[in-house]
Amino acid sequence: MITLHLTRADDYEGVYLPLPTSPAEIGEAWAALDNISDDVASTRIVGAVSNVWGIGQYLKKADVNNSGEFKKLNRIAELTGNLDRDQCYIFEGALNAESVNSLDDVIAIGERLDQYLLLSGVNTDRELGAYLVETGVMAFDESVQPYLDYTRIGIEYYANHGGAYATGGYVLRRDSAEQALQDIVDAHQDKQILGGMEMG
């Protein structure tokens, strides 16, 4: 779900428009905006509320006077509508990790969230380094582990593999991660799914 905060001219209050939306609902919003200013060309998105944190920054440049752009905004809202918490984190991280120049880029990322991994709770270089060592993705003898510089390990991994830290953890492309890391994340996810199922 996404709710756009729209306004015109120098007004900040504006109106809120939930997405996906219909042409009739857009018309109602435009009528309310007409009470603020008749300068239709100044209509703009000043913010967005969504279950995907930070997505609003990628929507602000949309030309809301273009019906084609509204179709894309509706599509993005559909993509975010049924996401679980981890998928929202992945979407957030993927947006921050990739080059996003248009609504088409946002849609493309939203349609392929399965191509990304989420390392839950890994939010710093140090946590990334520790995760990689503790899971055995980066193998070090146990006797040297207390002396490792986990921050440097995380920084080097991030530099070599890309990705981004999101609210819920570190997000990176599957094709840039080792198979061992993919297997660990997938096994953890399968365990969570099974743990949430009721046997009867």
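Fair warning: this is a prediction, and the values are worked out from it, not measured in the lab.

The rules we used
- Residues numbered from 1 in each chain as written.
- Predicted model: local features only at pLDDT ≥ 70, side-chain atom pairs only at ≥ 80, totals over all residues.
- Heavy atoms only, no water.
- Phe/Tyr/Trp six-rings, centres within 6.5 Å; stacked < 30°, edge-to-face > 60°.
- Helix = DSSP H or I, 4+ residues; strand = E, 2+ residues; numbered from the N terminus.
- Expected span 1.5 Å × (residues − 1).
- Polar contact = N/O pair within 3.5 Å; in protein donor to acceptor, adjacent residues only side chain to side chain.
- Contact = heavy atoms within 4.5 Å.
- Pairing = 2+ DSSP bridges.
- Axes fitted to C-alpha atoms, helices over the stretch in contact; angles between N-to-C directions.

Below, the discussion takes up the packing of aromatic side chains. The tally for this structure, following the rule as stated, stands at four aromatic pairs. Centroid distance W30 to F70: 5.9 Å. Interplanar angle 70 degrees. Geometry classified as edge-to-face. On the criterion of sequence distance, the pair formed by W30 in helix α1 (residues 23-34) and F70 in helix α3 (residues 67-81) is long-range, its members being 40 residues apart. Ring centres of Y158 and Y170 lie 6.0 Å apart, and the angle between their planes is 40 degrees; on these two criteria the pair is classed as tilted. Placement of the pair is Y158 in helix α7 (residues 150-161) and Y170 in strand β6 (residues 169-173), with a sequence separation of 12 residues. One aromatic cluster is present, formed by Y158, Y165 and Y170 through successive ring pairs.

On to α3, then. Under the 1.5 Å per step criterion, the end-to-end length of α3 is 21 Å for 15 residues, consistent within 8% with the ideal 21 Å. Two or three places before G68, at the start of α3, stands the capping residue N66, its side-chain oxygen 2.7 Å from that residue's backbone nitrogen.

The next thing to look at is the environment of V185. With respect to the secondary-structure elements, V185 resides in helix α8 (residues 179-196). Remark: the alpha-carbon pair of V185 and S120, spanning 65 residues in sequence, is separated by 8.9 Å. Those residues in contact with V185 that sit more than four places away from it in its chain are L117, L118, L119 and Y131.

Next up on the list: the sheet that holds strand β5 (residues 164-166). Judged by pairing direction, the sheet is antiparallel, and its three strands sit side by side in the order β4-β6-β5 without closing on themselves. Bordering the open sheet on either side are β4 (116-120) and β5, each of which pairs with just one other strand. Adjacent strand axes in the sheet meet at a mean angle of 30 degrees when their direction is disregarded. By the bridge criterion, three bridges tie β5 to β6 in an arrangement that is antiparallel. Across the sheet, the residue bridging to Y165 is Y170, located in β6.

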